[in-house]
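Spelled out, the chains give:
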Amino acid sequence: MKVLVVGSGGREHAICKAVAKSPLCEKLFCAPGNAGIAADAECLPIKVDDTSGIVSKAKELGVTFVIIGPEIPLSLGLADELDSAGILCFGPKKEAAELESSKSFMKSVCDRAHVPTASYKRFTDAEAARTYVSSKKPPIVIKANGLAAGKGVTIALSVEDALSAINAAMVDNVFGSSGSQVVIEDFLDGEEASFFALCDGTSARFFATAQDHKAVYDGDKGPNTGGMGAYSPAPIINDAMRERVMNEIIRPTIEEMKRIGRPYRGMLYAGLMMTKAGPRLIEYNARFGDPEAEVMIPLLKSDLLEILYACARGKLCDVNVEFKDGAALGVVMATDGYPGNYVKGSIIRGIGRAEAVPGVTVYHAATKRNANGDLTSNGGRVLCVTALASTIVEAQKTAYQAVDQIDWPEGFCRRDIGWRALTRAKR
Ligand code: AMP
Ligand code: GLY
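The sections below set out a description of the structure shown in this document. (Residues numbered from 1 in each chain as written. Chains lettered and ligands numbered in written order. Predicted model: local features only at pLDDT ≥ 70, side-chain atom pairs only at ≥ 80, totals over all residues. Heavy atoms only, no water.)

**Let's talk about the overall build of the protein chain**
- Within the protein chain, the regular secondary structure consists of 14 helices and 22 strands.
- Here the C-alpha radius of gyration of the protein chain, 21 Å, is about what a compact globule of 427 residues would show, namely 22 Å.
- Its C-alpha atoms give the protein chain principal-axis dimensions of about 60 × 45 × 45 Å.
- Taking all 427 residues of the protein chain together, 57% fall into the buried category.
- For the protein chain, the share of sequence-separated contacts (at least 6 apart) that also reach a separation of at least 24 residues comes to 69%.
- Only carbon and sulfur atoms are counted for the fraction: they give 48% of the accessible area of the protein chain, which is about 17,400 Å².
- If you average the places of the 50 positive and of the 51 negative side-chain charges in the protein chain, the two averages end up 2 Å apart. (Helix = DSSP H or I, 4+ residues; strand = E, 2+ residues; numbered from the N terminus. Rg over C-alpha atoms; globule rule 2.2 N^0.38 Å. Buried < 20%, exposed > 50% of the residue type's maximum accessible area, 1.4 Å probe, protein only. Contact = heavy atoms within 4.5 Å. Areas by Shrake-Rupley, 256 points an atom, 1.4 Å probe, with all protein chains shown as cover. Lys, Arg positive; Asp, Glu negative; His and termini not counted. Charge placed at Lys NZ, Arg CZ, Asp CG, Glu CD.)

**Things to note about the site of ligand 2**
- The immediate surroundings of ligand 2 are formed by D212, G226, Y269, N285, R287, G289, D290, P291 and E292.
- With respect to ligand 2, the backbone of G226 contributes an N or O atom lying 3.3 Å from a nitrogen atom.
- Separating an oxygen atom of ligand 2 from a backbone N or O atom of D290 is a distance of 2.9 Å.
- When ligand 2 is considered free in solution it has 200 Å² of accessible area, and contact with the protein chains removes 89% of it.
- Residue composition of the shell around ligand 2, by class: two nonpolar, three polar and four charged. (Near = heavy atom within 4 Å. Polar contact = N/O pair within 3.5 Å; in protein donor to acceptor, adjacent residues only side chain to side chain. Nonpolar A, V, L, I, M, F, W, Y, C, P; charged D, E, K, R; others polar.)

**Quick notes on the sheet that holds strand β9 (residues 182-186)**
- Here we have four strands laid out as an open sheet, ordered β6-β9-β7-β8, and antiparallel in their pairing. Strands at the two margins of the open sheet, each flanked by one partner only, are β6 (120-123) and β8 (153-156). For this sheet, the mean inter-axis angle between neighbouring strands, taken without regard to orientation, is 20°.
- Summarising the sheet, strand β7 (residues 140-144) and β8 pair through four bridges and their orientation is antiparallel. Bridge pairing in β8 places I140 opposite A156.
- Against the sheet, helix α8 (residues 159-171) contacts β6, β7, β8 and β9, and its axis sits at roughly 5° relative to β7. (Pairing = 2+ DSSP bridges. Axes fitted to C-alpha atoms, helices over the stretch in contact; angles between N-to-C directions.)

Below, the structure is given as C-alpha cells:
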C-alpha cells in the first residue's frame, strides 16, 4: 500500500523507519519530513496544519493509509477530512482527540468513567479562580485548558505563584485562547511514567511504557521542554501494574468514549503519576509521545504498519504486538538556547560515526540540508540518539558513546537520561 506519515519530528522518523521496512509498504511519503526522514520516505513540502493540502495531495498520490504523528493536525480534524475523502488513517477524529486538546473534556470523561485522576475545578472567570486558589494549600497545579505545547502547566509552590499563573493564562493571554479557561487541580506526588495503548474504537490493547525527561537540564532542573530523552520499558510498571492501568484507566475511558459517540481510534498515551495510593492519570495525549516513540518503536518485533493498519480498521484482535527483549534509551540533542530562543542552520557532523556504534540509531527531529548538502539544525530538538541493549544501564552507556561521536558545537544534551531507572537498578 502507499502510506503517508504526517509530521517532521523524531517520532515521525521512528515511524517512517519502521513502516519503510514493512513488506506491506509499497511507497512511503512524509509531509513535511526532514533531512533524516528523506532517506526513508519521499518528503512532501506540506505543513502539518494544512489539512486540505494534505488531503488533496493524498488523493492525488493514491495514498491508501495515512499515519498522523503530532497533535495539531488531530485537533484540526485531519482524521475527519481524510475519512470524508475515503482515506483510512491512524489517529483519532477531532472530537475524540479532545482527550488531549481539552483538559476539561478529558476530566469530564474521567469523572463519568471513574478514572482515578487529580481532583479539580475549572474556571472561565479569573476572579473566581483567584478566590479558589487563595483558599488552597500549595503545591497547586494550574493548567491552561487547551493545547500549549507542553508549557501550559504551572506547579505553584505558593499562593502568589498560583495567582501569577492565573493572570498569565487568563488576563495576559500568554497561551492565547488555550488559556481562557483554566483547570486547577490537586498536586499528585510520585514518579511519572508514560503508558501507551492501541485503541480501535471498541477495544484497547497494551502497547508499551516509557519514561521521559521533561526538564531541560541535568537533575530535572530548568524549564520544561517537549522531552530531552526517554527509555523503554519503564521499570516502575510491572505486569500486574500494567493490567491495573488497562483496567482502571484505559478500558473505562475507551468504553465511555464509545458510549458518548466519540469512539477512540489511534494511540492513547496516558501520562501517569505512580502515587502511593496507586496509578493516577495526569493527562491524555492522542498520539505517540516524542521522544517516547524513538525508544518504543525500535524495540517492536512485530510489523508496525500491520498493527497501525489493523487498528485503524477496528481489527486490533487480528494482529500480534510483540517486542524484543531488552531496553532502549534515547538522548535528545537540542540547539543551544532551547526551549528559549535559538539559531537554526548550524552544521552537524558525525551521524555516521554515531550509527556505527552497535545498537544505535540516530533519529532526526529537525534537520535540513543546506545549499552545500551539509546536514544542519532546523529547530530546537534536533536529534534523538537511541541505543538498544539488554539492559537500560547498557543502553545508557551505548547511547552516550554514540552522542560523543557527534560533532555539533552549537548543540547540547542532558548527560543523565535514565537516572531514575538506574537508581532503581542499583537498589
Ligand atoms: P501535562 O501537560 O498535563 O502533562 O503536565 C505537564 C507536567 O506537569 C506533567 O508531566 C507533570 O510533571 C506535571 N503535572 C501535571 N499535573 C500534575 C499534578 N496534578 N500533580 C503533579 N504534577 C503534575
Ligand atoms: N514526550 C511528551 C510528549 O510527547 O507529549
